[in-house]
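Chain by chain, the residues run as shown.
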Amino acid sequence: ISYCVCLPQVVLEARHEPGYCAFYEECGKNPTVAGSLLPPIIPCLNYSRARALEGKHYQQLKKVCPMLDRGEGSTTACCSIKQLKSLEMSLMLSKAVLMRCPSCADNFAHLHCINTCSPDQTTTINVTRTINITTLGIVKEAVVGYQAYLSTSFADKSFESCKNVRIPATGGYAIATMCGRYGSALCTAQRWYDFQGDSSNGLAPLDIDFRLIPEGVTEGIPDGIVPYAGRALGCNEMTPTGAEVCSCQDCQASCPVVPSPPPPAEPFTIGGVDGYLVLCVIFLCVLILAFLLFVTCTDKNSLATQEFLGSGFRAWGTLVASHPLKVLLASAVVTAAFATGLMHIELTTDPVQLWSAPNSRARIEKDFHDKHFDPFFRTNQMILTAPGRPGHFYDSLLFGKQNFSGIIAKDLILELLKLQKKIQFWSNDLNRMASLKDVCFAPLNPSNPSLTDCAVNSLPQYFQNSVANLNAKVNMTELGVTKEVDWRDHFIYCVNSPLSFKDITDLQLSCMADYGAPVFPFLAVGGYENEGYTTAEALILTFSLNNYPRDNVKFKVALEWEQRFLDIVQEYQKSPGNPFTFAYMAERSLEDEINRTTVEDIPIFMISYAVIFVYIAVALGEYTSFSRILVDSKFLVGLGGILVVGCSVLASMGFYAWIGIPSSLIILQVVPFLVLAVGADNIFIFVLEYQRDARRPGEKREERIGRVLGNVAPSMLLCSLSESVCFFLGALSTMPAVKSFALYAALAVLMDFVLQMTAFVALLSLDARRQDGNRCELACCVTVKTTAPTKPNEGFLLPAMRKYYAPVLLHPVTRVIVIVVFIFMFISSIYLMFYVTVGLDQELAMPQGSYMLEYFKYLYAYFEVGVPTYFVTTKGFNFTSIAGMNATCSSVGCDPFSLTQKIQYATEYPDLSYMAIPANSWVDDFIDWLNPGSKCCRLYSIGPNKGKFCPATAFLCGQKCMKIPLNGVLRPDKEQFNREEYWILFITFEPNTQTIKLRKSKVTCVSVLLATRFMAYHTALTTSKEFTAALKIARELAHNITLSMRSIPGTSQDFEVFPYTVTYVFYEQYLTIVSEGLFNISLCLLPTFVVCCLLLGMDLRSGALNLLTIIMITVDTVGVMTLWGIDYNAVALINLVTAVGISVEFVSHMTRSFAMSIQPTHVERAKEATATMGSAVFAGVAMTNLPGIVVLAFAKAQLIQIFFFRLNLVITLLGMAHGLIFLPVLLSYFGESVCVRACVRAWARENSPNPDTTPHHPVRTPHH
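Residues numbered from 1 in each chain as written. Predicted model: local features only at pLDDT ≥ 70, side-chain atom pairs only at ≥ 80, totals over all residues. Heavy atoms only, no water.

Draft legend 1. Fine view of the state of the cysteines. Here the structure, examined in full by the defined rule, presents 13 disulfides. In this model, Cys27 is linked to Cys44 through a disulfide, with the two sulfur atoms separated by 1.7 Å. One disulfide, between Cys27 and Cys44, carries an S-S torsion of 130° and so falls in the right-handed class. Here Cys27, found in strand E1 (residues 20-29), pairs with Cys44, found in strand E2 (residues 41-49); they are 17 residues apart in sequence, far enough to count as distant. (Disulfide = S-S within 2.5 Å. Helix = DSSP H or I, 4+ residues; strand = E, 2+ residues; numbered from the N terminus.)

Draft legend 2. Focus on the sheet that holds strand E25 (residues 865-873). An order of E26-E30-E25-E31 is seen for the four strands of this open sheet, with the pairing classed as antiparallel. Each end of this open sheet is capped by a strand with a single partner; those strands are strand E26 (915-917) and strand E31 (1057-1060). The average undirected angle you get between the axes of adjacent strands in this sheet is 40°. For E26 and strand E30 (residues 1012-1019), the ladder comprises two bridges, and the chain directions are antiparallel. What sits directly across from Met915, in E30, is His1018. Across the sheet, helix H11 (residues 361-372) touches E25, E30 and E31, and the angle it forms with E31 is around 90°. Along the sheet, helix H27 (residues 899-907) contacts E25, E26, E30 and E31; its crossing angle with E26, the most-contacted strand, is approximately 110°. (Pairing = 2+ DSSP bridges. Axes fitted to C-alpha atoms, helices over the stretch in contact; angles between N-to-C directions. Contact = heavy atoms within 4.5 Å.)

Draft legend 3. Broad picture of the side chain of His57. One can find His57 in helix H2 (residues 55-64). Judged by its relative accessible area of 16%, His57 falls in the buried class. Discounting residues that sit within four places of it in the chain, His57 has contacts with Tyr24, Cys79, Ser80, Ile81 and Leu84. (Buried < 20%, exposed > 50% of the residue type's maximum accessible area, 1.4 Å probe, protein only.)

Draft legend 4. Focus on the packing of helix H36 (residues 1100-1124) against helix H39 (residues 1198-1230). Closest axis-to-axis distance for the H36/H39 pair is 9 Å, and the angle between their directions is 145°. H36 and H39 meet at a crossing whose hand is right-handed. Grouping the constituent residues of the contact of H36 with H39 by class yields 17 nonpolar, four polar and three charged. (Left-handed = near helix turned anticlockwise from the far one by under 90°. Nonpolar A, V, L, I, M, F, W, Y, C, P; charged D, E, K, R; others polar.)

Draft legend 5. View of the packing of aromatic side chains. The tally for this structure, following the rule as stated, stands at 46 aromatic pairs. Ring centres of Phe159 and Trp192 lie 5.9 Å apart, and the angle between their planes is 55°; this geometry places the pair in the tilted category. In this pair, Phe159 sits in helix H5 (residues 152-162) while Trp192 sits in helix H6 (residues 189-196), placing the two residues 33 residues apart along the sequence. Here Phe159 falls in the buried class, since its relative accessible area comes to 8%. Among the residues examined, Trp192 registers a relative accessible area of 1% and is labelled buried. Judged by centre distance (5.3 Å) and plane angle (65°), the ring pair of Phe543 and Trp561 falls under edge-to-face. With Phe543 in strand E22 (residues 538-545) and Trp561 in helix H15 (residues 553-574), this pair connects stretches of sequence that are 18 residues apart. Taken as a pair, Phe543 and Trp561 share a single burial class, namely buried. Linked through ring pairs, Phe877, Phe879, Trp922, Phe926, Trp929, Phe977, Phe1014 and Phe1055 together constitute an aromatic cluster. It is Arg815 that lies over the ring of Tyr1229; its NZ or CZ is 4.1 Å from the centre. (Phe/Tyr/Trp six-rings, centres within 6.5 Å; stacked < 30°, edge-to-face > 60°. Lys NZ or Arg CZ within 6 Å of the ring centre and 35° of its normal.)

Draft legend 6. Representation of the nonpolar core in the model. In this structure, Ile408, Phe491, Val525, Phe686, Phe741 and Phe1203 are the most contacted members of the largest nonpolar core, which totals 246 residues. Sequence-distant contacts of Phe1203, defined by excluding residues within four places in its chain, comprise Leu840, Ile1126, Asp1127, Asn1129, Val1131, Ala1132, Asn1135 and Asn1208. (Core = buried A, V, L, I, M, F, W, Y, C linked by side-chain atoms within 4.5 Å.)

Draft legend 7. Representation of H5 within the structure. For H5, every residue scored as buried is listed here: Thr152, Phe154, Ala155, Ser158, Phe159, Ser161 and Cys162. Those residues of H5 that are buried lie in contact with helix H4 (102-117), strand E6 (138-151), H6 and strand E9 (207-213).

Draft legend 8. Fine view of the pairing of strand E13 (residues 378-385). By the criterion of burial, E13 is predominantly enclosed, with eight of the eight residues buried. A two-sided burial pattern is seen for E13, the buried positions comprising Arg378, Asn380, Met382 and Leu384 on one face and Thr379, Gln381, Ile383 and Thr385 on the other. The pairing of E13 with E22 spans seven bridges and is antiparallel. Bridge assignment links Gln381 to a residue of E22, and that residue is Thr542.

Draft legend 9. Region of interest: the side chain of Asp767. Mapping Asp767 onto the fold places it in helix H22 (residues 736-772). On the accessibility criterion, Asp767 (5% relative accessible area) is buried. Setting aside residues no more than four positions away along its own chain, Asp767 makes contact with Lys634, Val637 and Glu777.

Draft legend 10. Quick peek at H36. Between its first and last C-alpha, H36 extends 36 Å over 25 residues, near the 36 Å set by a 1.5 Å rise per residue. Remark: Gly1125 follows H36 within two positions and exhibits a positive phi of approximately 70°. (Expected span 1.5 Å × (residues − 1).)

Draft legend 11. Structural detail: the sheet that holds strand E28 (residues 949-950). Spatially, E28-E27-E29 is the arrangement adopted by the three strands of the open sheet, whose pairing is antiparallel. With partners counted over all chains shown, the strands left at the sheet margins are E28 and strand E29 (959-960), one partner each. Relative to E29, strand E27 (residues 938-939) is paired through two bridges, and the arrangement is antiparallel. What sits directly across from Arg938, in E29, is Lys960.

Structure representation (structure tokens):
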């Protein structure tokens, strides 16, 4: 074969008139085209009349180019039957990409049918270049180039019909693979046609110069040429052969009118002002007005309860004080019996088990997903930047001038490649060297993966992690310009066409990762705008590991690999030659850092408890004289009180360990603090009452202890029982962490009270015996000569409060101010409650200085897309029916409101739906795999394997798995759909250039009948609020899809679609945490009212005032949380439940002291309660908690600083303010009637330590 160029001859002889052909029949292969996917057959130059078609020739034209059919006997054309067959083969490859939109495929075929077969061929094309080809001694002139004239109306409409056609496997557009260097973003009609006419594209057999001519323009057009202006179909039109309109996902014009999602609810306003503020102001005015108009109401009380409790505890105290050693021994035995359960204690550290209830919707959905699919893989990631490194401009032969940032540099990519190959270690569990392949997620070869099967996503994967590919260079000629192309050209092409198996450069490298899947650009680079991937500011390296069950030996190996990964990365970060600034994380990092900071902050808690102990030991002493300091000190009593608290906590933990209820680190941190607050208060009340009491004549020490216990134990019982019942009811919470905390706290508080009534009374009896004998503490054999004073020791706090604080507080003017101020605080806090932030941002769980904080900073700055989310279908849906397939696909013929289409609609409103990338459909992939237009599914037509599946690389595969449908809607019947051989091959086949569909089904469909899933992507989510809103919207979308799919005949009514991603299980709690919190706190408040009423003899008024004050403390706490930036979450809820318990200590003692006072007026009784009980509460609760809380400010963990230091400080200060300021004033106004106190006074005088010295106050009747 020989050839030569004869261009002048062609141009001179060309004539353009209707009914004539410019070329006809095939002349052979184009010798100037190499590397084509199809044989580059070119036509013979042949100026002649169009041929009339008959028989097979006519039938072939009707099949390939139906738009030229004018009926048999009336149809003429300029193409032979051979040309029609070659054209059919060429169109088949393009239709494999475009067939999702039949009108687009029809328009595409229309153009090439006009160029090849039009009977008026010479009026639309102008041959510009020919060569002579000699075959079998015959010289023929063949066409290798021509101009094709098209009207812009036809060209533009054809382009519009195709520009939105998608390739489901990539989520990208088909036009991106048919527009060369411009991709989909910069593609235009002219650029699209230019690519089609470029013989170097691997499909075109010759060069076609497409000239797009606007209507009415004649300049520059050869005589006789009329730009082709046939009718192009819109993508929302059916084809003449009856093919369906394109789907909405591929054609915007086909989309039904879908109303945009409703915008977020407008803020509640009244007259343009914040509605909550207006209501709170009105409420404030009403309360103040009601207070000013208050009229005292009558009430009644009963002393039966007080007499019963007082006498019972008096007898019990006398008994215990008489046998202290026996009681201590019995207490120790009981405590030890409970505490031995600690040998079986189980600490829950798994965040999923800690914060998500086993029967919660998110856990059920997670378990369903993990059962039918592999658990969500473990992510290990680095985000690398190179700040300050200069970028450069690259003038690409194919893509023009491109701006490359400093991080997109060859030396840095090579450095990253070296880094990602380092990790291997010796595994004791495997008894050999272990590497990534032992634990990696290998989607294409999970049974026996090699390193190249591991799912590692990074920029070097565009070069298959090959240094040779990265270094490859080649000279390339494009449009007469020759330049060197290198890794940059390949990178530019791949980030725009990640599914390509061969780029358009002469490097001819694949873009697919070495493990066989695409690397989407948002997984390889970050910090870019729009699609400017070359300007990215960060490289992303992600290792995906299998998420083995925790009892699997490979789970330990995965943890070892992750630890080795962290060690290498941290070592690399410190190396002087490191060119990167980067952040990193492993799947184990969150749990590791939380556990690490808990261990590191244990000394802080120990110091906190030590400070509290020192305070208690010092504050309990009487200190009447310097010589009696060691006698009057209460160091051992304080130590005993601390031990009682510790034993109660150990007993509680041991008991629950016995019965199999797991503990957690938060229990270890919070419960001792809570019980210490409760226990210290009771200790102070008991000891101070004993110190302030005088022994009656002839009264034994043990009887005195019993009498004092009878006076104060009912108050101690009131608080302890209220708190314990409160916590037991709090265990009704659905949150595992809150539930276990409530159970442990309830029993610990109850055990603390029991041990105080036994062991501590015994300890006080022994200490009183020592003190009465003038023996020194810690040196009991040493006695002092100075005797104890006969007058009871009141200390300095009681006289100060009696003389100064109480009179000032209860002054008439002060009382009004206090009520108004606290009502204002309460109403303000109600208003602020509506604006408290709900959630827990994950960085707050990390200690200060943690490497994870830097990772979160990089994550939020550089990631462009959020976590993948799966829409999972349960069993009960008939995928084999036509309606079933149409309800779950997004190609031609699919329901415009199918599952995938609804997700697509959601992605059009990312700010409202939090959906960024629509879902792929395995149904589309399966249908495309069966497509007879591709080489994916074929059968042997002859030979021993006839009728069996034929690989894409094999020959003799003349039979297709399915026939081409007349309406363009390809759907397998039930038999074809259920053919097991097809499913096995579909799930396991390896993609290549002939079978261009990515094997997503391995990832998205494991069990067709039991469960399937469709993967989409959320937008980049950064805060708890966004994660929670994304979950809520995804569930609403899935519910809408469920209802639609249930309406399809044959669908079970328990069929469901639900969304799942790895974060949902953590953020589900925030959907209900407000109502859950109100429920739990209400349950805690209820017993405080009921127990108070019962133990005060059905004193409803005291119970109501007690309850009101505790509610105000809780509400004010939430209000201060808003002001101080403390988020409301499960940890905060635990502290709010604790706040109720601590508030009981501040309030209930004061309420009972007021109720039992024998003073004649409300104000006098309030003064007495403030001085006597207020001083004990201040010393026992406020001053016990505050020193320990302040120490927590030095903890490293942000959680401890915020939710233990800040929140507990707020709780303690507000409790102290309400208990010692507001409650006495409230009682002075609204306490019980004076007439009732006469009965109480009589009882009190009878039981006073010295009846002769008890002050007598005349009983006054109240004035109404």
